[in-house]
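Each chain, written out:
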Amino acid sequence: GRGRRRGLPAGARLSDRGATRRPVDATVVVPGSKSLTNRHLAIAAIAAGESTLEGALACDDCDRLVAALGRFGIAIRSEASRLVVNGGAGRVPRGAEVDLGDGGTPARFSIALATLAAGESLVDGSPRMRERPVAEGVAILRELGAGIELAAGDRLPARIRGGGLGGGAVEVGRTASSQSISAALLVAAASERGIDLRFLARPTSGSYVALTVAALRAWGVRVDVDAEADAPRRISIAPQPIAARTIAIEPDASSAVFAAAAAVIAGGSIRLPGLPLGSMQPDARFLRMLDRHGATVADDGAGGTRVASPGGVRAIEADLSDCPDAAVLAMAMAALADGPSEFTGLATLRVKESDRIEAVAAGLRGLGCLVGAGPDRVRIVPRPDASAPVSIDPRNDHRVAMAFAIVGLVRPGIAVSDRGCVAKSWPGFWDALAAIEGSRAASSPADLPPRAISRENPPR
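Now for a look at the structure at hand. Counting starts from 1 at the beginning of each chain's written sequence and moves along it residue by residue. In keeping with the model being predicted, local features are shown solely for residues with a pLDDT of at least 70 and side-chain atom pairs are shown and tallied solely at 80 or more, while totals for entire chains, interfaces and linings include all residues. Excluded from the side-chain calculations are hydrogens and water; all other atoms, namely the structure's heavy atoms, are used.

### Some remarks on the sheet that holds strand β13 (residues 246-248)
Using the following cut-off: Strand pairing is assigned whenever DSSP identifies at least 2 bridges connecting the two strands. Think of it this way: any DSSP run of H or I at least four residues long counts as a helix, any run of E at least two long counts as a strand, and we number them from the N terminus. Axes here refer to lines fitted to C-alpha atoms; in helices the fit is confined to the stretch in contact. Angles between the N-to-C directions go from 0 to 180 degrees.
Taken together, the 4 strands give an open sheet; going across it, the order is β3-β4-β2-β13, and neighbouring strands pair in mixed fashion. With partners counted over all chains shown, the strands left at the sheet margins are β3 (75-79) and β13, one partner each. Ignoring which end each strand starts from, the neighbouring axes of this sheet average 20° apart.

Now the structure itself:
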């Protein structure tokens, strides 16, 4: 893989000094957005000519998509913190057998790209990925003329005939994942007749569909959207060539929220350079929601974002359907709140890298919290006096590991049993966390300049 893989001991203590309430004062350089890297890789693969993705993320998910594209015959080379992609001008050179591991987004995007391949392909994933839903996206692609067979009728592996995508109009009902819709949109310009998606229900995690539309438009693709109350009723893309471009990828908002939360729970300031306050990334919405905890979230004056807080987590009620990765963090933070919190819009968390509702609920109960969980909601009653040591099993889920690690900044005795799982999205997370905690050494953080920690990307 392109990313750094650091050997870390299982069950290593996060912090035995977490009970200290000294404020943090750090600058965290978060690596590139996983969602945007995957989308721009897919578009670059079918663009005409050589495209450059500046700040592309190096992590397990993106590494696997890069490897899959290589097997499809798309030449990609890594240069420092960028990827250079030689696109297929509307086609994928050859069919291939590819394994996307735990990557839901790369697997669904690869199925769509394989419909454009000159030959048959097999797209597979890890045992967990074989449990996650892909049938809805396959159904959309089939209506657009794709020949796809799924194991047991609705699961990976998927066998794709290839040869091109006809296109046409499709009515889309409620889906378990927005990635199904995004996958079809990403290959629409390369279809014979274009595509016309007509929505019978508000898309699940519609903010990610909007992110896909914005990514396509960044490449000059004409996308017609008919929307009402921020929900698309119809998205149409005519067949059209995509020209090679240089695309700058923002820092990952889904990772940045974990760093920002350190300022909220411990007090102090976290600066996130390069991540604009108005970013369209869905989890940037959660970043802006931190003001509900008393934080000040503002432009840092240089195109980034700064979060400052006196410290402390307020009990809140929130619908988090548009920021599902950050929802994991919100639930974990509720263990430190000043009262019961309740979160809704969590249905998609059941079918992520883990059943995130159950994974987080188990960790919260280990921390002494009372947790009531339903299909798409959670109510959490904290136990502020609980301090017994607890080992958190993140169930191979990077976001669960990150969330409880951040709680460990102020709640002593937390250990994470599988630290290596963060390589899926942020291989340098533990280094960043250690530097955030180290920034507390100053007696008055305001007297010192922010400490630069982490790197834009791990070495490739």
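Next, the rest of the story.
### What about unusual backbone geometry?
Formally: When accessible area is computed with a 1.4 Å probe and restricted to protein chains, residues below 20% of their type maximum are described as buried, those above 50% as exposed, and intermediate ones as partly exposed.
In this model, L156 is joined to P157 through a cis peptide bond whose omega is 5°. Along the polypeptide, P157 turns up in strand β8 (residues 155-160). With a phi angle near 55°, A152 is a residue other than glycine that sits in the positive phi range. Secondary-structure assignment places A152 in the loop between β7 (148-151) and β8. Exposure remark for A152: the relative accessible area of 78% places this residue in the exposed category.

### Section: the packing of aromatic side chains
The test is simple: Within 6.5 Å between ring centres, the rings of Phe, Tyr and Trp (the latter by its six-membered ring) count as paired, and their orientation is classed by plane angle as stacked under 30 degrees, edge-to-face over 60, tilted in between.
Applying the stated criterion across every chain yields a total of 2 aromatic pairs. Arranged with centres 5.5 Å apart and planes meeting at 70°, the rings of W426 and F429 form a pair that is edge-to-face. With respect to class, W426 is no different from F429; both count as buried. Taking the centre distance of 5.0 Å and the plane angle of 75° together, the rings of F429 and W430 count as edge-to-face. For W430, a relative accessible area of 7% corresponds to the buried category.

### A closer look at the pairing of strand β18 (residues 341-344)
The cut-off we apply is this: Viewed with both strands pointing away, a crossover whose connecting path from the first strand over the helix to the second turns clockwise is right-handed.
Here β18 shows a buried face lined by S341 and F343 and an unburied face lined by E342 and T344. Two elements, strand β17 (residues 317-319) and β18, share 3 bridges in a ladder whose sense is parallel. Counted as the bridge partner of D319 is T344 from β18. The handedness of the β17 to β18 crossover, carried by helix α10 (residues 324-333), is right-handed.

### Topic: the environment of V328
The criterion, for reference: By definition, residues are in contact when any of their heavy atoms lie within 4.5 Å.
Counting through the fold element by element, V328 comes out in helix α10. Each C-alpha atom, one on V328 and one on S207, is 17 Å from the other, the two residues being 121 residues apart in sequence. Sequence-distant contacts of V328, defined by excluding residues within four places in its chain, comprise L349, R356, V360, R399, V400 and A403.

### What about the environment of T175?
Of note, T175 is situated in the loop between β9 (168-172) and α6 (179-187). Judged by relative accessible area, T175 falls into the buried class, the value being 8%. Through-space distance from the C-alpha of T175 to that of V66 is 27 Å; in sequence the pair is 109 residues apart.

### Some thoughts on the side chain of S180
Applicable threshold: We call two N or O atoms a polar contact when they sit within 3.5 Å, provided that within protein one can donate a hydrogen and the other can accept it, with sequence-adjacent residues counted only if both atoms are side-chain atoms.
Tracing the chain through its elements places S180 in helix α6. Polar contacts involving the side chain of S180 include one to the main-chain amide nitrogen of G137, which spans 3.4 Å. In contact with S180, not counting residues within four places along its chain, are R108, E136, G137 and I140.

### What to know about the sheet that holds strand β6 (residues 121-124)
Read from one edge of the open sheet, 4 strands run β5-β6-β8-β7, paired in mixed fashion. One side of each edge strand has no neighbouring strand; the edge strands of this open sheet are β5 (97-99) and β7. Direction aside, neighbouring strands of the sheet carry axes that sit 15° apart on average. Where β7 lies against β8, 4 bridges are found, and the strand directions are antiparallel.

### Side note on the packing of α10 against helix α12 (residues 398-407)
Stated precisely, the cut-off is as follows: Crossing handedness is read from the near helix: turned anticlockwise from the far helix by less than a right angle, it gives a left-handed crossing, and turned clockwise, a right-handed one. Three classes are used: nonpolar for Ala, Val, Leu, Ile, Met, Phe, Trp, Tyr, Cys and Pro, charged for Asp, Glu, Lys and Arg, and polar for all others, with Gly counted as polar.
The N-to-C vectors of α10 and α12 enclose an angle of 35°; their axes lie 9 Å apart at closest approach. The chirality of how α10 crosses α12 is right-handed. Across from D325, V328, L329, A332 and M333 in α10, the residues of α12 making contact are R399, V400, A403 and V407. Residues of the contact of α10 with α12, tallied by class, amount to 7 nonpolar, no polar and 2 charged.

### Things to note about the pattern of salt bridges
Spelled out, the test is: Salt-bridge detection follows one rule: a side-chain nitrogen of Lys or Arg within 4 Å of a carboxyl oxygen of Asp or Glu.
Using the criterion set out here, one finds 26 salt bridges in the structure. Ionic pairing is found between D355 and R350, a salt bridge with its closest N-O pair at 3.1 Å. For D355, a relative accessible area of 23% puts it in the partly exposed group. The exposure class of R350 is partly exposed, given its relative accessible area of 23%. A cluster of three or more residues bridged by salt bridges with shared partners is formed by K34, D61, D252, D325, E353, R356, D397, R399 and K424.

### A short note on the nonpolar core
Threshold: Residues belong to a common nonpolar core when they are buried Ala, Val, Leu, Ile, Met, Phe, Trp, Tyr or Cys residues joined through side-chain atoms within 4.5 Å.
Counting 78 residues, the largest nonpolar core has L272, F286, L320 and F343 as the members making the most contacts within it. At 12 residues, the largest contribution of residues to this core is made by helix α8 (residues 253-266). Not counting the four nearest positions on each side in its chain, F286 is found in contact with V257, L320, C323, A326, L329, A330 and M333. Judged by nonpolar contacts, the second largest core, of 72 residues, contains A56, L113, L150 and I235.

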